[in-house]
Amino acid sequence: YSPVSPQAEPAERAAEAALRPSTLSEFEGQPRVREQLGLVLAAARHRGAVPDHVLLSGPPGLGKTTLAMIIAAEMGVPLHITSGPAIQHAGDLAAILSGLVTGEVLFLDEIHRMSRPAEEMLYLAMEDFRVDVVVGKGPGATAIPIDIPPFTLVGATTRAGLLPGPLRDRFGFTAQLDFYETEDLAQIAQRSADKLGFSLDDESAQVIASRSRGTPRIANRLLRRVRDYAQVNNGGEVTATLARAALELYEVDELGLDRLDRGVLESICLKFGGGPVGLSTLAISVGEETETVEEVAEPFLVRKGFIMRTPRGRVATAAGWAHLGLTPPQGAGD
Ligand code: ADP
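Source: prediction; values computed, not measured.

The subject of this paragraph is the environment of Asp184. Tracing the chain through its elements places Asp184 in helix 7 (residues 182-196). Judged by the 18 C-beta atoms lying within 10 Å of it, Asp184 is partly exposed. Between the C-alpha atoms of Asp184 and Val101, which are 83 residues apart in sequence, the distance is 36 Å. Beyond its immediate sequence surroundings of up to four residues, Asp184 is in contact with Glu28 and Gly29.

What follows is the structure, given as structure tokens:
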């Protein structure tokens, strides 16, 4: 695992749970989403009604699970958690839905990965609070309608575009989570440090935030690594110098590039004169699979504006050269 991977490592689930904000006002950043969602919940409370179904979309680590938990907590109801890949058969979904109590929140992560029959059952459940359970096979099969109590579905997806239109249309509220500003990440790191029982000065928080790739999960992870380093090397006291040294040890640079990201960028610049270079050649030159280079390293390098994908191959931009402290040769990237 890279320290800047946006996915949760299995072993860090408990550490993550301890750092989750539990109210909307503790949820940092994303001001528009917070305000809109706050309104949806307040209006539902005002009417004594169950809030509309909510769709949360955005890259991993930006707070979708956290928001689902906050919705349930703000409504004072239990949260049930499941995921698209966990629902293989429509019957699995029917069992979950029929077990709900009025007003409860069902969080369905990776909703775009549900099976087709389950998806169709979900349409009906979301709209009419009813499921049709098919009993028997062949010509004798009958659909038995079962009423389910009004509930709130919170669906999460990293790819809203992959959801079929009819499913997307059944959500009353859709929120697109964006990468966070560095200031928000610094706040998150400081709040997390408080929860972990140590203090983080502004400069150290900034060191962590600027390396966190706009992602709270990464900020919290880097914070934990910095804390470990401080415990072993400095009696637990974190300073900015120490935070930099810790993250250098983990090979996370000032802008959050890890070893692979830098390897790819350096290879394009130093071995291929800035490109264009084909993906497979590039992958061989850094000793990685093409998929790893394409799906793990490149998206962030492109997002940072350090490389471009062109029809002739990958090209380093002026910003990419500058990040390595190099000047592009005349005509590079032509
Ligand atoms: P996702 O479900 O989108 O992958 P999570 O909700 O699991 O992301 O969030 C990952 C981690 O980041 C959690 O530990 C959570 O506490 C933290 N986090 C996410 N968003 C925020 C936020 N806006 N404010 C504070 N902490 C956050």
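Looking now at the UniProt feature "domain: AAA+ ATPase" (unreviewed entry) in the chain. UniProt marks residues 50-181 with the feature "domain: AAA+ ATPase" (unreviewed entry), using the numbering shown here. For residues 50-181, the end-to-end C-alpha separation is 33 Å, with 29% helix and 27% strand making up the annotated structure.

Taken together, 19 residues form the shell around the ligand, and within it Gly63, Lys64, Thr65, Thr66 and Pro216 come nearest. Every element with two or more residues in the shell around the ligand is listed here: helix 3 (64-75) and helix 9 (216-234). Taken together, the residues of the shell around the ligand break down into 7 nonpolar, 7 polar and 5 charged.

With that out of the way, let us pick up the packing of helix 4 (residues 90-98) against helix 5 (residues 116-128). Viewed as axis vectors pointing N to C, helix 4 and helix 5 meet at an angle of 30°, and their least axial separation amounts to 8 Å. Considered as vectors, helix 4 and helix 5 are oriented roughly parallel to each other. Between helix 4 and helix 5, the residues in contact are Ala90, Leu93, Ala94 and Leu97 and Pro117, Ala118, Met121, Leu122 and Ala125, respectively. Grouping the amino acids of the contact of helix 4 with helix 5 by side-chain chemistry returns 9 nonpolar, no polar and no charged.

What follows concerns the pairing of strand 6 (residues 152-157). For strand 6, a buried count of 6 out of 6 residues is recorded, marking the element as mostly surrounded by other parts of the structure. Alternating residues of strand 6 divide into Thr152, Val154 and Ala156 and Leu153, Gly155 and Thr157, and every residue in both groups is buried. For strand 1 (residues 54-57) and strand 6, the ladder comprises 4 bridges, and the chain directions are parallel. Looking at strand 6, one finds that Leu56 is bridged to Ala156. With 4 bridges connecting them, strand 3 (residues 105-109) and strand 6 associate as parallel partners. When the bridges of strand 6 are listed, Val105 appears paired with Thr152.

Turning to the sheet that holds strand 7 (residues 173-176), a few remarks are in order. Strand pairs in the sheet, formed through backbone hydrogen bonds, run parallel or antiparallel to each other. Reading across from one edge, 2-3-6-1-7 is the order of the 5 strands in this open sheet, with parallel pairing throughout. A strand with exactly one partner marks an edge of an open sheet, and here the two such strands are strand 2 (79-83) and strand 7. The average angle at which neighbouring strand axes cross in this sheet is 15°, direction not considered. Inspection of the sheet shows strand 1 paired to strand 7 by 4 bridges, in the parallel sense. The residue bridging Leu56 from the neighbouring strand is Ala175, located in strand 7.

This paragraph deals with the packing of helix 7 against helix 9. Two elements in contact, helix 7 and helix 9, have axes whose closest approach is 9 Å; the angle formed by their N-to-C orientations is 50°. If you check the angle between helix 7 and helix 9, you find them oblique. For the crossing formed where helix 7 meets helix 9, the hand is right-handed. Facing Leu185, Ile188, Ala189, Ser192, Ala193 and Leu196 of helix 7, the residues of helix 9 in contact are Pro216, Ala219, Asn220, Leu223 and Arg227. The class makeup of the residues in the contact of helix 7 with helix 9 is 8 nonpolar, 2 polar and 1 charged.

Right, let's talk about helix 9 for a bit. With 19 residues, helix 9 extends 25 Å between its outermost C-alpha atoms, agreeing within 8% with the 27 Å of an ideal straight helix rising 1.5 Å per residue. For helix 9, the set of buried residues is Pro216, Arg217, Ile218, Ala219, Asn220, Arg221, Leu222, Leu223, Val226, Arg227 and Ala230. Looking at the buried positions of helix 9, the neighbouring elements they touch are helix 1 (13-18), helix 7, helix 8 (202-210) and helix 10 (240-249). Of the residues trailing helix 9, Gly235 is marked for its positive phi of about 60°.

Conventions and cut-offs
- Residues numbered from 1 in each chain as written.
- Predicted model: local features only at pLDDT ≥ 70, side-chain atom pairs only at ≥ 80, totals over all residues.
- Helix = DSSP H or I, 4+ residues; strand = E, 2+ residues; numbered from the N terminus.
- Buried ≥ 20, exposed ≤ 12 C-beta atoms within 10 Å, placed from the backbone.
- Contact = placed C-beta atoms within 7 Å.
- UniProt positions renumbered as here; feature names shortened; annotations may be inferred.
- Near = placed C-beta within 6 Å.
- Nonpolar A, V, L, I, M, F, W, Y, C, P; charged D, E, K, R; others polar.
- Axes fitted to C-alpha atoms, helices over the stretch in contact; angles between N-to-C directions.
- Parallel < 35°, antiparallel > 145°, perpendicular 65-115°, else oblique.
- Pairing = 2+ DSSP bridges.
- Left-handed = near helix turned anticlockwise from the far one by under 90°.
- Expected span 1.5 Å × (residues − 1).

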